[in-house]
Amino acid sequence: MSTEIPQSTSQPGVTERAIDTAADVSRTIGEVAGGLHAAVDRLTSTIEESRKPGGALATVSAITREAPLASLFVAFLFGMAIARRR
């Protein structure tokens, strides 16, 4: 006769499942944060390149400084064109 107690194959408890889920969520948040950080870095470098002389943002800035009222009118028309599409 054996005196060993049979081990039951129990399923993980609520606490263990909650800990596993929290670890998965933490990993996912870390991956998303890393992706967002990379996207922000790319966007920042693109904006910096565009602000250099001859770039698109530099040109728009110069035109806006020279003719602010005309630039406002163009921006208004652009906004109206976008709003009518939707």
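So, here is what we can say about the structure in this document. On a predicted model such as this, the values are computed, not experimentally measured, just so you know.

**Observations concerning the environment of Arg27**
Thought 1: Structurally, Arg27 can be placed in helix α1 (residues 14–51).
Thought 2: What makes Arg27 exposed here is its relative accessible area of 52%.
Thought 3: A polar side-chain atom of Arg27 sits 3.0 Å from a polar atom in the side chain of Asp24.

**So, the environment of Leu57**
Thought 1: Structurally, the position occupied by Leu57 is in helix α2 (residues 56–66).
Thought 2: Considered as a pair, Leu57 and Ile47 are 10 residues apart in the sequence and their alpha carbons are 7.9 Å apart.

**Some remarks on a nonpolar patch on the surface**
Thought 1: Judged by side-chain polarity, Phe73, Val74, Phe76, Leu77 and Met80 come together as a nonpolar surface patch covering roughly 500 Å² of accessible area.
Thought 2: Among the secondary structure elements, Phe76 is positioned in helix α3 (residues 68–85).

**What to know about the pattern of salt bridges**
Thought 1: Counted under the stated rule, the structure contains two salt bridges.
Thought 2: Arg27 serves as the salt-bridge partner of Asp24, at 3.0 Å between the closest nitrogen and oxygen. Remark: Arg27 and Asp24 occur in helix α1; sequence separation between them is three residues, near one turn of the helix.

**Quick notes on the packing of α1 against α2**
What describes two packed helices is the angle between their axes and the distance between those same axes.
Thought 1: Between α1 and α2, whose axes approach to 5 Å, the crossing angle comes to 55°. Classed by the angle they form, the pair α1 and α2 counts as oblique. Between α1, through Ile47, Ser50 and Arg51, and α2, the contact on the second element is made entirely by Ala56, Leu57 and Ala58.
Thought 2: For the contact of α1 with α2, the residue count by class is four nonpolar, one polar and one charged.

Thresholds applied
- Residues numbered from 1 in each chain as written.
- Predicted model: local features only at pLDDT ≥ 70, side-chain atom pairs only at ≥ 80, totals over all residues.
- Heavy atoms only, no water.
- Helix = DSSP H or I, 4+ residues; strand = E, 2+ residues; numbered from the N terminus.
- Buried < 20%, exposed > 50% of the residue type's maximum accessible area, 1.4 Å probe, protein only.
- Polar contact = N/O pair within 3.5 Å; in protein donor to acceptor, adjacent residues only side chain to side chain.
- Patch = residues over 30% accessible without salt bridge, like charges linked within 9 Å, V, L, I, M, F, W, Y side chains within 5 Å.
- Areas by Shrake-Rupley, 256 points an atom, 1.4 Å probe, with all protein chains shown as cover.
- Salt bridge = Lys/Arg side-chain N within 4 Å of Asp/Glu carboxyl O.
- Axes fitted to C-alpha atoms, helices over the stretch in contact; angles between N-to-C directions.
- Parallel < 35°, antiparallel > 145°, perpendicular 65-115°, else oblique.
- Contact = heavy atoms within 4.5 Å.
- Nonpolar A, V, L, I, M, F, W, Y, C, P; charged D, E, K, R; others polar.

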